[in-house]
Amino acid sequence: MNKKIFIRGLGAGLILASLVMFVTLGTADKKTDDKPTDTNKTEAVTQKATKETTEEKTSEEKASEEKTSEEKTSEEKTSEEKTSEEKTSEEKTSEEKTSEEKTSEEKTSEEKTTEEKTTETTTEELEPAAVKNENGGGYIIVTKDMTPEEICDELLEIEVISDKWDYYNWLMRSGYSNSIEPGKYTFGGYESYAGIVWILLGN
């Protein structure tokens, strides 16, 4: 009797132990099956985050490239505008210089014409004269139509030379007789022949 009860109890215990084991293994398998799913989810989230980060970086790079391109275009436009302004400024400066040069040339031409007219008027107004100073020397006035001989007469009159024909011959030999310009010439009374002609040449 006791033996049968023992065997029954043992059998029931084995069955109960088997059920517990079966349930435990099933739960473990389910957990094991669930773990890869969680891992896959984590990987999917990570890939999605990485993709979004990459897209953000790509977008930022594109924006940076566009900004750089716009800055370069702006700099090129600014450079072109500056170059254009510099060219315009140079052209204006060149035009102003040309205008100034023309004005200067016109003024110079007018001044020369005025001087020539004044010289002509002065020359026309000159009359032959020989004025001796009390302390020696004096001045003579040479006109346009005077001959070397007449000039020598004036020099003799103020006693700058002592021999008219001697100086006349020297003057003709020197070759300066035709280079004497009309005007008023002052002498100290102590000049040599060469010194006299030097003064008569306007020096």
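Residues numbered from 1 in each chain as written. Predicted model: local features only at pLDDT ≥ 70, side-chain atom pairs only at ≥ 80, totals over all residues. Heavy atoms only, no water.

Q: Sorry, what's going on with a nonpolar patch on the surface here?
A: Together, Phe 6, Ile 7, Leu 10 and Leu 14 make up an exposed nonpolar region whose accessible area comes to about 440 Å². With respect to the helices, strands and loops of the structure, Ile 7 is situated in helix α1 (residues 2-125). On the basis of relative accessibility, which here comes to 51%, the residue Ile 7 falls in the exposed class. (Patch = residues over 30% accessible without salt bridge, like charges linked within 9 Å, V, L, I, M, F, W, Y side chains within 5 Å. Areas by Shrake-Rupley, 256 points an atom, 1.4 Å probe, with all protein chains shown as cover. Salt bridge = Lys/Arg side-chain N within 4 Å of Asp/Glu carboxyl O. Helix = DSSP H or I, 4+ residues; strand = E, 2+ residues; numbered from the N terminus. Buried < 20%, exposed > 50% of the residue type's maximum accessible area, 1.4 Å probe, protein only.)

Q: Is there a simple way to think about the pairing of strand β1 (residues 129-132) in this case?
A: Each regular strand carries side chains that alternate between the two faces of the sheet. As paired strands, β1 and strand β2 (residues 138-142) are joined by 4 bridges and run antiparallel to one another. The residue bridging Lys 132 from the neighbouring strand is Gly 138, located in β2. The turn linking β1 back onto β2 is made up of 5 residues, and Gly 136 within it adopts a positive phi angle of 110°. (Pairing = 2+ DSSP bridges.)

Q: I keep staring at the pattern of salt bridges and nothing clicks. Help me out?
A: Note that side chains of opposite charge can pair when their charged atoms are close. Tallied over the full model, the rule gives 3 salt bridges. The partner of Glu 159 in a salt bridge is Lys 132, with the nearest N and O atoms 2.7 Å apart. Placement of Glu 159 in the loop between α2 (148-157) and α3 (164-174) and of Lys 132 in strand β1 is noted, with a sequence separation of 27 residues between them. When the shortest N-O distance is used, the salt bridge between Lys 164 and Asp 153 registers 2.7 Å. Residue Lys 164 is found in helix α3, and its partner Asp 153 is found in helix α2; the two are separated by 11 residues along the sequence. A relative accessible area of 32% places Asp 153 in the partly exposed class. Three or more residues joined by partner-sharing salt bridges are found here, namely Glu 149, Asp 153 and Lys 164.

Q: Honestly, the nonpolar core in this entry has me stumped. Any pointers?
A: Soluble, globular proteins show a tendency: their nonpolar side chains are buried together. Ranked by size, the top nonpolar core spans 19 residues in total, and within it Ile 140, Ile 151, Leu 155, Tyr 167, Phe 187, Ile 196 and Leu 200 carry the most contacts. Top element by residues in this core is helix α4 (residues 193-200). It accounts for 4 residues. Setting aside anything within four residues of it in sequence, one finds Ile 140 in contact with Ala 129, Ala 130, Ile 151, Glu 154, Leu 155, Ile 158, Gly 183, Lys 184, Tyr 185, Phe 187 and Leu 200. (Core = buried A, V, L, I, M, F, W, Y, C linked by side-chain atoms within 4.5 Å. Contact = heavy atoms within 4.5 Å.)

Q: Can you help me understand the packing of α2 against α3 in this one?
A: Helices that pack against each other are described as a pair by the angle of their axes relative to one another and the distance between those axes. Running from N to C, α2 and α3 cross one another at 135°; their axes reach a closest spacing of 9 Å. What the angle tells us is that α2 and α3 run oblique. Two packed elements cross with a definite hand, and for α2 against α3 that hand is right-handed. Residues Pro 148, Glu 149, Cys 152, Asp 153, Leu 155 and Leu 156 of α2 touch α3, and the partners they reach there are Lys 164, Trp 165, Tyr 167, Tyr 168, Leu 171 and Met 172. (Axes fitted to C-alpha atoms, helices over the stretch in contact; angles between N-to-C directions. Parallel < 35°, antiparallel > 145°, perpendicular 65-115°, else oblique. Left-handed = near helix turned anticlockwise from the far one by under 90°.)

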